[in-house]
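Listed below are the residues making up each chain.
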Number of protein chains: 2
Amino acid sequence: MNEDDSKETGGEFQRDTDYVSDRITAGGRTPEHGPADVRLWPVEPGRYRLVAARACPWASRAIVVRELLGLQDVISLGLCGPTHDVRSWTFDLDPGGVDPVLGIERLQQAYFARFPAYDKGITVPAMVDVPTGQVVTNDFPWITHDLFHEWREHHRPDAPDLWPTDLREEMEEVMERVYTEVNNGVYRCGFASSQEAYDAAYDRLWVALDWLEERLGTRRFLMGEAVTEADVRLFTTLVRFDAVYHGHFKCNRQKLTELPSLWRYAREVFQLAGFGDTVDFDQIKQHYYLVHSGINPTGIVPRGPDLSGWTEPVAVPGGG
Amino acid sequence: MNEDDSKETGGEFQRDTDYVSDRITAGGRTPEHGPADVRLWPVEPGRYRLVAARACPWASRAIVVRELLGLQDVISLGLCGPTHDVRSWTFDLDPGGVDPVLGIERLQQAYFARFPAYDKGITVPAMVDVPTGQVVTNDFPWITHDLFHEWREHHRPDAPDLWPTDLREEMEEVMERVYTEVNNGVYRCGFASSQEAYDAAYDRLWVALDWLEERLGTRRFLMGEAVTEADVRLFTTLVRFDAVYHGHFKCNRQKLTELPSLWRYAREVFQLAGFGDTVDFDQIKQHYYLVHSGINPTGIVPRGPDLSGWTEPVAVPGGG
């Protein structure tokens, strides 16, 4: 995503949620959940490119889910560098600064290919139609939803059930609370523009983190014994917590390493294939500390924290 | 002190060390150590006022030593508020914003009373001659030195031996390293104006903290079984570490709470009379986060960290 896409109300950070919400569905069918009054594009191996950035927590969800489901051969991945300018994320990591599949330098070009006068946020993740170079969707919660529900035919045989039907209702509640209170909660702290808004945001965040600490004291993963989409969505915030949110966003009651259940859980998820191996802490730190000049005007990126604990063996509760 | 009193060299922070270096000595005698080619003022109960600020680590040394030696009745204490403007520390905590003994609003007035064209830093701690309202000295290492060596006649009967003669040589070495590498080391990190200067400062700081962690693994206090001036000088930095330096100055390899020997030691010192009871964490946080607008332009003061650990019982190594 791009944090410039925000509005302010009384000092409180408000995320701009105005997305291109087309869907990619199996055979172009009408989806069972979510926005349906949009253009429906058909699932087709090799047709779409996921444009993401390892720095961005919202984009990282899609990177993780693509790996977990084994979709690497049917949906290619384009990666933007950790920083972006006021206009767009760029392909500055690629040779010549050009995405080798889309042939563009700036993600903005794929938005303009679709809507020449596009004036909303140029955000990652974005699914791009390779033949036309047009953005199909940047509506991140539905991108990962549809990678699971609509691309099933192309999943690897032992792909995890990220959306167990019998848990869906409870999972939606958990994910909603994680989204508003934690995923967005850290930004509400970091981008508060008054002491009062920050204080309220901090208290609200820690109510949620205390809830999660308690929940994960009795569950191996958020929904029980197996990883689900809910874990993907929490993980991408937790993995950034000590590296960025604790200091840069002033979410500093404790470090994640000081919350025993959350730290046990976060490390266990990190050590699963598809999670930690998609994380680039240097890009994460560079992104936040360089892009947000309003809260880090020196542009100096901290050398800490020591992140070696992420790969240390984890004692799983109850030997589970 | 006042962090505006700094110069820069290649992005590295350099502390301005140009002080008013008069001494207050017993009977106005020539002191055995330190600057002697200065005006020598006589020790005299009730004559001098120590002007300090609980926010400032350099001033806090003098507050602590005055308490430890029981000099409260012979040297009065004036306290400036946590923030200062570009000109001066102010007495904004006092009724009407006026120091009740000196009758001034700004510490600057005491400097001007002594030197009408004074153009160096208006810093705390400062010893002020109450009859004339003139600053006598702001040379902080010698202020605490002389409180011990020159005011002995007025110490409380069971005052600690802060400068044990047989340890003086080693203590000077330890204090010098603590000063250049830790007391100043955290500022070198926080005020570095290039990534290269910061990186070098961070590495240099952690070499010193690793040395202290090892040293305090085998010693109860820095010099052995008893508190000395060396502990006062280290403590005033350590007590600010997690609250300020870790995040604000990006000294974030670990929190103090993650360094077992240093954390055991810092808490044990904190819990001695004269140390923790002179600490005001709110003032400390307000000072750094509000005064340094160059590194915290929002002026938002973090609510964290949880500081409750400082008062928890400490297991002293070897039951000592």
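This structure is a prediction, so every number in the text was calculated from the model and none was measured.

Visitor: In this structure, what is going on with the sheet that holds strand S7 (residues 126–129) of chain B? I would like to understand it.
Guide: Hydrogen bonds between backbone atoms are what pair the strands of a sheet, whose relative direction is either parallel or antiparallel. Residues and elements named next belong to chain B. One open sheet accounts for four strands, arranged S6-S5-S7-S8; its pairing is mixed. The sheet terminates laterally at strand S6 (76–80) and strand S8 (134–137), the two strands that pair on one side only. Across this sheet, the average inter-strand angle for adjacent strands is 35°, counted without regard to direction. Pairing of strand S5 (residues 48–53) with S7 involves four bridges; the strand directions are antiparallel. From the neighbouring strand, Arg49 faces S7, where its bridge partner is Val128.

Visitor: Just to check I follow, could you spell out unusual backbone geometry for this structure?
Guide: What you tend to see is this: most non-glycine residues have negative phi, and most peptide bonds are trans. Across the junction of Gly304 of chain A and Pro305 of chain A, the peptide omega takes the value 0°, indicating a cis bond. By the element assignment, Pro305 of chain A lies in the segment after helix H10 (281–291). Cis geometry is found at the peptide bond from Val124 of chain B to Pro125 of chain B, where omega equals 0°. Checked against the element boundaries, Pro125 of chain B lands in the loop between helix H2 (108–114) and S7. Even without glycine at this site, Lys250 of chain A takes up a positive phi of about 60°. Of note, Lys250 of chain A is situated in the loop between helix H8 (241–248) and helix H9 (260–270).

Visitor: It is not clear to me how the relation of the copies chain A and chain B should be interpreted in this structure. Could you clarify?
Guide: Mapping between the two chain copies consists of a rotation about an axis together with a translation along that axis. Taken as rigid bodies, chain A and chain B are interconverted by a rotation of 180° and an axial shift of 0.0 Å, the fit giving an RMSD of 0.0 Å. In symmetry terms, the pair is related by a two-fold rotation axis. When C-alpha distances to the rotation axis are compared across chain A, the minimum falls at Gly247 of chain A, with a value of 2.4 Å. When the interface residues of chain A are mapped onto chain B, 100% of them again lie at the interface, so the same face is used by both copies.

Visitor: Honestly, the packing of aromatic side chains in this entry has me stumped. Any pointers?
Guide: Each aromatic ring pair is characterised by the separation of its centres together with the angle its planes make. Residues and elements named next belong to chain A. By the definition in use, this model includes 52 aromatic pairs over all chains. Considering the side-chain rings of Tyr198 and Tyr202, the 5.9 Å spacing of their centres and the 50° angle between planes classify their relative orientation as tilted. Taken together, the residues Tyr198 and Tyr202, both in helix H6 (residues 195–215) and four residues apart, mark about one turn of the helix. Residue class for Tyr202 comes out buried when judged on its relative accessible area of 5%.

Visitor: Got a minute to help me understand the interface of chain A and chain B in this structure?
Guide: The extent of an interface is frequently quoted as the accessible surface area lost upon association of the parts. Taken together, the 30 residues of chain A in the interface contact 30 residues of chain B. Carbon and sulfur atoms make up 50% of the surface buried where chain A meets chain B, a total of about 2,400 Å² over both sides. When residues of chain A are sorted by the area they lose upon contact with chain B, Lys250, Ile300 and Arg303 of chain A head the list and together hold 27% of the total. Where chain A touches chain B, the interface holds six salt bridges.

Visitor: How should the pattern of salt bridges be read in this particular structure?
Guide: Two side chains of opposite charge can pair, provided their charged atoms sit close to one another. One pass over the structure, following the stated rule, counts 40 salt bridges over all chains. For the salt bridge of Arg303 of chain B with Asp203 of chain A, the shortest nitrogen-to-oxygen distance reads 2.9 Å. Taken together, the positions of Arg303 of chain B in the segment after helix H10 (281–291) and Asp203 of chain A in helix H6 put the pair across two chains. Taking the relative accessible area as the measure of exposure, Arg303 of chain B reaches 36% and is therefore partly exposed. Using a relative accessible area of 35% as the deciding quantity, one classes Asp203 of chain A as partly exposed.

Visitor: I tried to follow the domain arrangement of chain A on my own but got confused; where do I start?
Guide: Residues and elements named next belong to chain A. Under the domain assignment used here, chain A contains domain 1 (6–154) and domain 2 (165–319). For domain 1 and domain 2, the distance between their C-alpha centroids amounts to 23 Å. On the domain 2 side, the residues contacting the 31 residues of domain 1 number 30 residues. Between domain 1 and domain 2, a total of about 2,600 Å² is buried, with carbon and sulfur atoms accounting for 58% of that surface. Of all residues in domain 1, Phe13, Arg54 and Arg61 bury the most surface against domain 2, accounting for 23% of the area lost on that side. Viewed at the interface, domain 2 and domain 1 are joined by one salt bridge. For Arg188, the salt bridge identified is with Glu12, shortest N-O distance 3.7 Å. Put simply, domain 1 and domain 2 have twelve residue pairs in polar contact (both at pLDDT 80 or more) between them. When residues in the side of domain 1 that touches domain 2 are grouped by element, the largest group, nine residues, is from helix H1 (residues 57–68).

Visitor: Please clarify how the pairing of strand S5 (residues 48–52) of chain A should be interpreted in this entry.
Guide: Within a regular beta strand, the side chains point alternately toward one face of the sheet and then the other, so they alternate between its two faces. All names here are of chain A. The element S5 is extensively covered by neighbouring structure, given that five of its five residues are classed as buried. Alternating residues of S5 divide into Tyr48, Leu50 and Ala52 and Arg49 and Val51, and every residue in both groups is buried. The sheet contact formed by S5 and strand S6 (residues 76–79) spans four bridges and is parallel. In the sheet register, Val51 faces S6, and the bridge partner there is Gly78. Crossover handedness for the path S5 to H1 to S6: right-handed.

Visitor: Any chance you could explain the confidence of the model for chain A here in plain terms?
Guide: Averaged over all residues, the pLDDT of chain A is 94; the fraction at 70 or higher stands at 95%. In this model residues 4–8 of chain A is a low-confidence stretch, pLDDT under 50, and it forms 18 contacts with partners more than four residues away in sequence or in other chains.

Visitor: Please clarify how the pairing of strand S8 (residues 134–137) of chain A should be interpreted in this entry.
Guide: Residues and elements named next belong to chain A. Sheet topology note: the strand S7 (residues 126–129)/S8 ladder contains three bridges and is antiparallel. Residue pairing for S8: Met127 is matched across the bridge by Thr137. The turn linking S7 back onto S8 is made up of four residues, and Gly133 within it adopts a positive phi angle of 75°.

Each value, and the rule that gives it
- Residues numbered from 1 in each chain as written.
- Chains lettered and ligands numbered in written order.
- Predicted model: local features only at pLDDT ≥ 70, side-chain atom pairs only at ≥ 80, totals over all residues.
- Heavy atoms only, no water.
- Pairing = 2+ DSSP bridges.
- Helix = DSSP H or I, 4+ residues; strand = E, 2+ residues; numbered from the N terminus.
- Axes fitted to C-alpha atoms, helices over the stretch in contact; angles between N-to-C directions.
- Least-squares fit on C-alpha atoms with pLDDT ≥ 70 in both.
- Contact = heavy atoms within 4.5 Å.
- Phe/Tyr/Trp six-rings, centres within 6.5 Å; stacked < 30°, edge-to-face > 60°.
- Buried < 20%, exposed > 50% of the residue type's maximum accessible area, 1.4 Å probe, protein only.
- Buried area = accessible area lost by both parts, 1.4 Å probe.
- Salt bridge = Lys/Arg side-chain N within 4 Å of Asp/Glu carboxyl O.
- Domains from an automatic or database assignment.
- Polar contact = N/O pair within 3.5 Å; in protein donor to acceptor, adjacent residues only side chain to side chain.
- Right-handed = clockwise from strand over helix to strand, strands pointing away.
- pLDDT = per-residue confidence, 0-100.

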